[in-house]
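# Report on the structure
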Amino acid sequence: MDPPGGAAAAVAAGVVPIAHGNDGGGSVRIPAAHCGVLGIKPSRGLVSPGPASSFFSDSGLATAGVLARTARDLAAGLDVIARRRPGDWSPYPGSGDYLATLDAEFGCGPQSRSRALALADLRVGVLTEPLNVDTEIHPACLEAVARAAEDFGAMGARVEGIARPFGPEAWQSFMPIWQAGAAAIPLPPESESLLTPMSQWLRARGREASAPQLMAGLQGMYAIARRMGEAFAGFDVILSPALGTPPADPTWVCCPDDPAEDFRRQCIVSPWTSSWNMFGPAAVSIPIHRAEVGGTLLPFGVHVGATRFGEEQLLLAIVAALETLDPWPLIRPPHSES
């Protein structure tokens, strides 16, 4: 399978309609936002991590996800990967039949008279403060959120701005887990030098972590999940920018001589996605907006995170509604008929 960055590019270019990706901190949703396509991270436990085993997948921090250009393709992808295996410690069944349900209940099938979807009872919290780093958010990223909020309002949803439930200091509790998990990935010694400087840095820090530090990190992560659950209990979904910057220039993000700064810049690019990996419910990146930056028209997406487990069908319905009400430009696959 391609890494999610390559998968997102393939979907955006029309090489494939659907692609697989793994998301441990946003690695499906972030590339999707960069490339102007859809990317969904399912609820923790919906997709079996087996038969392979790693701390990130077995703990539920990382999960397989789907990239696509339409709600129906996203649903079809979920139908393929939403499976349980014997021995899964958190077997979450989900609703299943995502495409059939989308077609039957929300009028998204090819024979439907209308793809319009009323979400009048939806409660939408709008969160634009970054969670993992204190940074300014690019105006076009905020424009994307304002556009989506207006669309939700037009559908009759209740839209309300909210403050962040925690900031970078609390989020840092995630770091010992991230570092130790990276260090636990088995690699032949001769392969270590082939890793990026940031990956080497994460693994080195993880090997230095003590058992009490790791336990404190786990406690901190669970505390963040509870704080998110309590703060978001009055909402069905939380709307944020998908990115904090325009689609990132790799020459700015990558800092081979300073891995810690490299990691900080990655946080600036994606201030919201990783918190949903700690929280657990599903989240989707939707490429609803376009804006010109430096003479180039770029995609600016929004991040819609569920507040409860098992809300994949709700997120798919939201995608279907937005692509009907306010469709984003899709790239036609090569050699397709008009």
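Note: the structure precedes this text.
Residues numbered from 1 in each chain as written. Predicted model: local features only at pLDDT ≥ 70, side-chain atom pairs only at ≥ 80, totals over all residues. Heavy atoms only, no water.

## Things to note about the overall build of the protein
A count of helices and strands for the protein gives 14 helices and eight strands. Taken against the 2.2 N^0.38 rule, which gives 20 Å for 338 residues, the C-alpha radius of gyration of the protein at 19 Å falls within 12% of a compact globule. Projected onto its principal axes, the C-alpha coordinates of the protein cover approximately 60 × 50 × 45 Å. Residues counted as buried form 53% of the 338 residues belonging to the protein. Of the charged side chains in the protein, 24 are positive and 34 negative; the average position of the first set lies 4 Å away from that of the second. (Helix = DSSP H or I, 4+ residues; strand = E, 2+ residues; numbered from the N terminus. Rg over C-alpha atoms; globule rule 2.2 N^0.38 Å. Buried < 20%, exposed > 50% of the residue type's maximum accessible area, 1.4 Å probe, protein only. Lys, Arg positive; Asp, Glu negative; His and termini not counted. Charge placed at Lys NZ, Arg CZ, Asp CG, Glu CD.)

## Structural notes on the sheet that holds strand β6 (residues 237-241)
Across the sheet, eight strands lie side by side as β1-β3-β2-β7-β8-β6-β4-β5; this open sheet has mixed pairing. Strands with a single pairing partner mark the edges of an open sheet, and in this sheet they are β1 (18-23) and β5 (158-161). Here the strands of the sheet are splayed against their neighbours by 25° on average, with no regard to which way each runs. The sheet contact formed by strand β2 (residues 38-41) and strand β7 (residues 283-293) spans three bridges and is antiparallel. Each residue of the ladder has a partner; that of Ile-40, found in β7, is Val-284. Packing of helix α6 (residues 139-154) onto the sheet brings it into contact with β4 (123-126), β5, β6, β7 and β8 (296-306), and relative to β7 it is tilted by some 120°. The strands touched by helix α14 (residues 312-325) are β2, β6, β7 and β8; relative to β7, the strand with the most contacts, the crossing angle is about 30°. (Pairing = 2+ DSSP bridges. Axes fitted to C-alpha atoms, helices over the stretch in contact; angles between N-to-C directions. Contact = heavy atoms within 4.5 Å.)

## Focus: the packing of aromatic side chains
Applying the stated criterion across every chain yields a total of seven aromatic pairs. Geometrically, the ring pair formed by Trp-171 and Phe-263 is tilted, given 6.3 Å between the ring centres and 40° between the ring planes. With a gap of 92 residues between them, Trp-171 in helix α7 (residues 168-171) and Phe-263 in helix α12 (residues 259-269) connect regions that are remote in the sequence. The interplanar angle of 50° and the centroid separation of 6.2 Å between the aromatic rings of Trp-201 and Phe-263 together place this pair among those described as tilted. Of the two residues, Trp-201 is situated in helix α9 (residues 197-208) and Phe-263 in helix α12; the sequence distance between them amounts to 62 residues. Across this residue pair, the class does not change: Trp-201 and Phe-263 are buried. Members of the aromatic cluster, joined through ring pairs, are Trp-171, Phe-174, Trp-178, Trp-201 and Phe-263. (Phe/Tyr/Trp six-rings, centres within 6.5 Å; stacked < 30°, edge-to-face > 60°.)

## Side note on the nonpolar core
In this structure, Leu-122, Phe-152, Leu-239, Ile-286, Val-302, Val-304 and Ile-318 are the most contacted members of the largest nonpolar core, which totals 83 residues. If one sorts the elements of this core by residue count, α14 sits on top with eight residues. Among all residues touching Phe-152, those that are not within four sequence positions of it are Leu-122, Val-124, Ala-157, Val-159, Leu-239, Ile-318 and Leu-322. With nine residues, the next largest nonpolar core counts Ala-7, Ala-19, Ala-32 and Val-37 among its residues. (Core = buried A, V, L, I, M, F, W, Y, C linked by side-chain atoms within 4.5 Å.)

## What to know about the packing of α6 against α14
Put simply, α6 and α14 touch, their axes get as near as 11 Å, and they point 95° apart. Classified by the angle between their axes, α6 and α14 sit roughly perpendicular to one another. Touching Asp-151, Phe-152 and Ala-154 of α6 are Ile-318, Leu-322 and Leu-325, all from α14. Looking at the contact of α6 with α14 residue by residue, the class counts come to five nonpolar, no polar and one charged. (Parallel < 35°, antiparallel > 145°, perpendicular 65-115°, else oblique. Nonpolar A, V, L, I, M, F, W, Y, C, P; charged D, E, K, R; others polar.)

## Regarding the side chain of Gln-179
Residue position: Gln-179 is located in helix α8 (residues 175-184). Setting aside residues up to four positions removed in sequence, Gln-179 forms contacts with Trp-201, Leu-202, Arg-203, Arg-205 and Gly-206.

## Focus: the environment of Gln-313
Its location among the elements puts Gln-313 in helix α14. It is 9.3 Å that separates the C-alpha atoms of Gln-313 and Gly-94, two residues lying 219 residues apart in sequence.

## What about the pattern of salt bridges?
Counted according to the given criterion, the structure contains eleven salt bridges. A salt bridge links Asp-103 to Arg-72; its shortest N-O distance comes to 2.8 Å. With a gap of 31 residues between them, Asp-103 in helix α5 (residues 98-106) and Arg-72 in helix α4 (residues 71-81) connect regions that are remote in the sequence. Note on Asp-103: relative accessible area 24%, which makes it partly exposed. For Arg-72, a relative accessible area of 25% gives the class partly exposed. Residue Glu-192 pairs with Arg-203 through a salt bridge whose shortest N-O separation is 2.8 Å. One end of the pair, Glu-192, is in the loop between α8 and α9; the other, Arg-203, is in helix α9, with eleven residues separating them in the sequence. In this pair, the class of Glu-192 matches that of Arg-203, namely buried. Within the structure, one salt-bridge network assembled from shared partners comprises Arg-123, Asp-236, Arg-308 and Glu-311. (Salt bridge = Lys/Arg side-chain N within 4 Å of Asp/Glu carboxyl O.)

Remember, this is a structural readout, not a statement about activity or role.
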